[in-house]
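# Chains, contacts and geometry: an overview
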Amino acid sequence: MGLGAPPRGRSAYDRGVTLATDTARSEIEDDPTPVGVRGVPDAVRRRLSTLDNWLNPHSWLVTLVVVVIAGILRFVRLDRPKNYVFDEVYYPTDAWDMLHHGVEWDEKTNGPAYVVHPPLGKWLIALGEMVFGNNELGWRVPAAVAGTLMVLILVRVAYRMFHSVVLAGTAGLLMALDGFHLVLSRTSLLDIFLGLFVLATFAALVLDRDAYRRRWLRALESGHNPETATRSPGGVPWWLLAAGALFGLACGVKWSALFFAPFFALLVIVWRVGARRSAGMRRPFARGIASDLGYLVLSFVLTVLFYLATWTGWFVTNTGYFRHYRADNGLSEPPVLGALLNLMHYHHEAYTFHSGLTEKHPYQSWPWQWLLLGRPVSFSWNTDGNCGAPQCAGEVLLLGTPILWWSFLPALAVLVWFGIARRDWRAFAIGTGVVAGLLPWFYYAIADGRTMFSFYVLPALPFLILAVTYALGAVMTPTEGVTSGPGRSERQMTGTIVAGVYVLAVAVCFAYFHPIFVGQLIPYEAWQHRMWLGSRWI
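In this text the structure is predicted, and so the values were computed from the model without any measurement. (Residues numbered from 1 in each chain as written. Predicted model: local features only at pLDDT ≥ 70, side-chain atom pairs only at ≥ 80, totals over all residues. Heavy atoms only, no water.)

### Topic: the overall build of the chain
Check the secondary structure of the chain and you find 23 helices and five strands. Projected onto the principal axes, the alpha-carbon positions of the chain cover approximately 80 × 70 × 45 Å. Put simply, of all contacts in the chain between residues at least 6 apart along the chain, 77% involve residues at least 24 apart. If you average the places of the 43 positive and of the 36 negative side-chain charges in the chain, the two averages end up 8 Å apart. (Helix = DSSP H or I, 4+ residues; strand = E, 2+ residues; numbered from the N terminus. Contact = heavy atoms within 4.5 Å. Lys, Arg positive; Asp, Glu negative; His and termini not counted. Charge placed at Lys NZ, Arg CZ, Asp CG, Glu CD.)

### Some thoughts on the nonpolar core
One finds Met161, Phe202, Phe379 and Phe455 to be the most contacted residues of the largest nonpolar core, which totals 139 residues. For phenylalanine 202, the residues in contact, after removing those within four places along its chain, are Val157, Met161, Phe264, Leu267, Trp271, Ala429, Phe463 and Leu466. Counting residues in each nonpolar core, the second largest holds 11 residues, with Val40, Tyr212, Leu220 and Met281 among its members. (Core = buried A, V, L, I, M, F, W, Y, C linked by side-chain atoms within 4.5 Å. Buried < 20%, exposed > 50% of the residue type's maximum accessible area, 1.4 Å probe, protein only.)

### Examining the state of the cysteines
Taken as a whole and judged by the stated rule, the model has one disulfide. Across a sulfur-sulfur distance of 2.0 Å, cysteine 387 and cysteine 392 are joined as a disulfide pair. The S-S bond linking cysteine 387 to cysteine 392 shows a torsion near -90°; that makes this disulfide left-handed. For the pair cysteine 387 and cysteine 392, a shared accessibility class is recorded, and that class is buried. (Disulfide = S-S within 2.5 Å.)

### As for unusual backbone geometry
A cis amide bond links arginine 80 to the next residue, proline 81, at an omega of -5°. Here proline 81 shows up in the loop between α4 (57-75) and α5 (91-101). Of note in the backbone geometry, asparagine 110 takes a positive phi value of approximately 55° without being a glycine. Looking at the element boundaries, asparagine 110 is found in the loop between β1 (105-106) and β2 (111-112). Looking at asparagine 110, the relative accessible area reads 57%, which means it is exposed. Even without a glycine there, the phi angle at leucine 373 is positive, about 60°. In this fold, leucine 373 is placed in the loop between α17 (367-370) and β3 (377-382). Residue leucine 373 is classed as buried on the basis of its relative accessible area of 6%.

### Focus: the sheet that holds β3
Taken in spatial order, the three strands line up as β3-β4-β5 in an open sheet, and their pairing is antiparallel. Of all the strands in the sheet, the pair left with one neighbour each is β3 and β5 (522-523). Where β3 and strand β4 (residues 392-398) come together, five bridges link them in antiparallel fashion. Counterpart to asparagine 382 in the pairing with β4 is glycine 394. (Pairing = 2+ DSSP bridges.)

### Topic: the packing of helix α7 (residues 136-162) against helix α21 (residues 461-475)
Here α7 crosses α21 at 40°, and the two axes come no closer than 11 Å. Taken together, the axis directions place α7 and α21 in an arrangement best described as oblique. Along this stretch, α7 crosses α21, giving a crossing that reads as right-handed. Here α7 contributes Met150, Leu154, Ala158, Met161 and Phe162 to the contact with α21, which in turn contributes Pro462, Ile465, Leu466, Thr469 and Tyr470. Partitioned by chemical class, the residues of the contact of α7 with α21 number nine nonpolar, one polar and no charged. (Axes fitted to C-alpha atoms, helices over the stretch in contact; angles between N-to-C directions. Parallel < 35°, antiparallel > 145°, perpendicular 65-115°, else oblique. Left-handed = near helix turned anticlockwise from the far one by under 90°. Nonpolar A, V, L, I, M, F, W, Y, C, P; charged D, E, K, R; others polar.)

### Things to note about the packing of helix α20 (residues 425-447) against α21
At a closest axis distance of 8 Å, the pairing of α20 and α21 adopts a crossing angle of 145°. Where α20 crosses over α21, the two elements pack in a sense that is left-handed. Together, Arg426, Ala427, Ala429, Ile430, Gly433 and Val434 of α20 and Phe463, Leu464, Leu466, Ala467 and Tyr470 of α21 make up the contact between the two elements.

### Here's the deal with the packing of aromatic side chains
The final tally for this structure, using the stated rule, is 48 aromatic pairs. For the pair tryptophan 311 and tryptophan 314, a centre-to-centre distance of 6.2 Å together with 85° between the ring planes defines the contact as edge-to-face. Note on tryptophan 311: relative accessible area 5%, which makes it buried. The class of tryptophan 314 is buried, set by a relative accessible area of 4%. An aromatic cluster is built from Phe86, Phe259, Trp370, Phe379, Trp441, Tyr443, Tyr444, Phe453, Phe455 and Tyr456, whose rings are joined through pairwise contacts. (Phe/Tyr/Trp six-rings, centres within 6.5 Å; stacked < 30°, edge-to-face > 60°.)

### With respect to the side chain of threonine 401
As for its position among the elements, threonine 401 is in the loop between β4 and α18 (402-405). Here the side chain of threonine 401 touches leucine 177 through a polar contact of 2.8 Å, landing on its backbone oxygen. What threonine 401 contacts, discounting residues up to four positions off in sequence, is Leu177, Asp178, Gly179, Phe180, Val506, Cys509, Phe510 and Phe517. (Polar contact = N/O pair within 3.5 Å; in protein donor to acceptor, adjacent residues only side chain to side chain.)

Here's what the structure looks like:
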């Protein structure tokens, strides 16, 4: 989806990738000559097309600039504020103990600690502590790396989905300038690692979609007749398998990654069936579903294996919590199987803990408040020091950049509209990620009243930003029927100005709130002016 549009008004926004015109479709259906003999029709080639120029130097230059901006914002003065911030009292200390004991440790009892999150996020924090020491820099560097990598991946995913350097850079810049993402990138919590692996999984699935469509196109060019084919072209879907491994790592950070599993699986099925239909295969669902499900199962096996690998410290030591639960309770504990059964018991107990977590917290919030910034979380508060005023305030507030976050709901409306009107695969993919990241929390809020916080929305954040980017792309696209001439150029110019003004407004808003994203000491009155929603933000 670039600024240049194809010569069809209806397909101007999606570049004709996902929807052939009725004329092209009738040409395919009326021609009795096998596709492989007469060549691949332009309509089919267009419908199977993918991003070919991924090495475009301009796209990588924009990627580099945006990632450098994101890195500077996340790494400069990373050791401030001093001491632990919010839940840093848990995870960095667990990580430090894991470096010395292989598992989380309780210093008071000199024995294993009972924790309710998988170990991978803490192992990643431990890497920073191993290099820089058990200090603020050591336990925050991994989070800053993860946050910067998320920006990098988002830029490349956006470029692959929209085929536009401008929109790819916009998506990355919006994430780089989001206060919510910035705070979590500068704090040693687990959610930034969860967001990284969920986004990486989605990126692998997008690459698998493109690879699958390229295999079909090559097969058609080589004489493969889709009308008589009983199976899809061969080839190992390496990116789909990579997605399974990455998803296992996401689950190894937090179990809430599992919310995305059925939605990502649905994307794979829908994309593959759509590719077979675009290629001309008869009964595209029935003739390929067995292969699709087979590879999905194999991908899931890799998810399980990589998830178990994150528990290596627990497996190879004898001191982990519940490590020998069965033996300690007079039950048989055969090699390997016994350890797995003990781990299952551990998981059962941890799930029970999560299910019963309803204790009130002053900064808890509900899912319907998150996109409206109804109750941000105060990570740190400080009034000591000199700011040039009688009263000073230094706060780290987990608050999304307001102009950006208050754009999410309108952008989702645009996404739904174009997704239905134009059957755009990108709208479906982005919307699926948003639903997976938000909808399950609504269930737990209504059914269980579980204690939850706004940072639970982080895995959905890249998809919300992609929705805004999608809407900006729609603004920059000529209306239906305007395919050339002054009208087209004027619409593109107007749309580009509107989008540019919006991004500039987000940047100015981010700069205004930046002091309360990083804990900068400012006059109390200046801090109070930034509390736009009054007591909801205090």
